[in-house]
Amino acid sequence: MPDAPSLALRYVACDACETVFARPDDPDEPTACDRCGARPLRDLSGVRGPDAYFAP
């Protein structure tokens, strides 16, 4: 399935309101927090995949 979209997720954290978001791994995704609007979001670089953040 070469034309199938990627289901990879990336996790970002907002240090201003201490919220973590799971977002599609899309470079065009907005860089402001969905909750408080603060910039920039911190990429949790060691965490990838649908369950990686929530599973030990």
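Residues numbered from 1 in each chain as written. Predicted model: local features only at pLDDT ≥ 70, side-chain atom pairs only at ≥ 80, totals over all residues. Heavy atoms only, no water.

Colleague: I tried to follow the overall build of the protein on my own but got confused; where do I start?
Modeller: Each helix and strand in the protein was counted, giving zero helices and three strands. Ordered by position from the N terminus, the helices and strands of the protein form the series β-β-β. A burial count over the protein gives 27% of its 56 residues as buried. The contacts of the protein with a sequence gap of at least 6 include a subset with a gap of at least 24, amounting to 36%. About 4200 Å² of surface is accessible on the protein, with carbon and sulfur atoms providing 54% of the total. (Helix = DSSP H or I, 4+ residues; strand = E, 2+ residues; numbered from the N terminus. Buried < 20%, exposed > 50% of the residue type's maximum accessible area, 1.4 Å probe, protein only. Contact = heavy atoms within 4.5 Å. Areas by Shrake-Rupley, 256 points an atom, 1.4 Å probe, with all protein chains shown as cover.)

Colleague: How should I be thinking about the side chain of threonine 19 in this particular structure?
Modeller: Tracing the sequence through the fold places threonine 19 in strand S2 (residues 19-24). Side-chain polar atoms of threonine 19 contact the side chain of arginine 35, separated by 3.0 Å. (Polar contact = N/O pair within 3.5 Å; in protein donor to acceptor, adjacent residues only side chain to side chain.)

Colleague: How do you make sense of the environment of glutamate 29 when you look at a structure like this?
Modeller: Within the secondary structure, glutamate 29 is located in the loop between S2 and strand S3 (42-48). For glutamate 29, a relative accessible area of 22% corresponds to the partly exposed category. Those residues in contact with glutamate 29, other than ones at most four positions away along the chain, are Arg10, Arg23 and Pro24.

Colleague: Hey, could you run me through the pattern of salt bridges in this one?
Modeller: Where charged atoms from two side chains of opposite charge approach closely, those side chains can pair. Summed over the entire model, instances satisfying the criterion amount to two salt bridges. Ionic pairing is found between arginine 42 and aspartate 15, a salt bridge with its closest N-O pair at 2.8 Å. In this pair, arginine 42 sits in strand S3 while aspartate 15 sits in the loop between strand S1 (9-14) and S2, placing the two residues 27 residues apart along the sequence. Residue arginine 42 is classed as partly exposed on the basis of its relative accessible area, which comes to 40%. By relative accessible area, which is 52% here, aspartate 15 ends up exposed. Two residues, arginine 23 and aspartate 34, come together in a salt bridge whose shortest N-O distance is 2.8 Å. Pair noted here: arginine 23 is in strand S2 and aspartate 34 is in the loop between S2 and S3, with a separation of 11 residues, a long-range link. Given a relative accessible area of 56%, aspartate 34 falls into the exposed group. (Salt bridge = Lys/Arg side-chain N within 4 Å of Asp/Glu carboxyl O.)

Colleague: Just to check I follow, could you spell out the packing of aromatic side chains for this structure?
Modeller: Geometrically, a pair of aromatic rings is defined through the distance of the ring centres and the angle of the planes. What the rule picks out here adds up to zero aromatic pairs. Over the ring of phenylalanine 21 we find arginine 23, and its NZ or CZ is 5.5 Å from the ring centre. (Phe/Tyr/Trp six-rings, centres within 6.5 Å; stacked < 30°, edge-to-face > 60°. Lys NZ or Arg CZ within 6 Å of the ring centre and 35° of its normal.)

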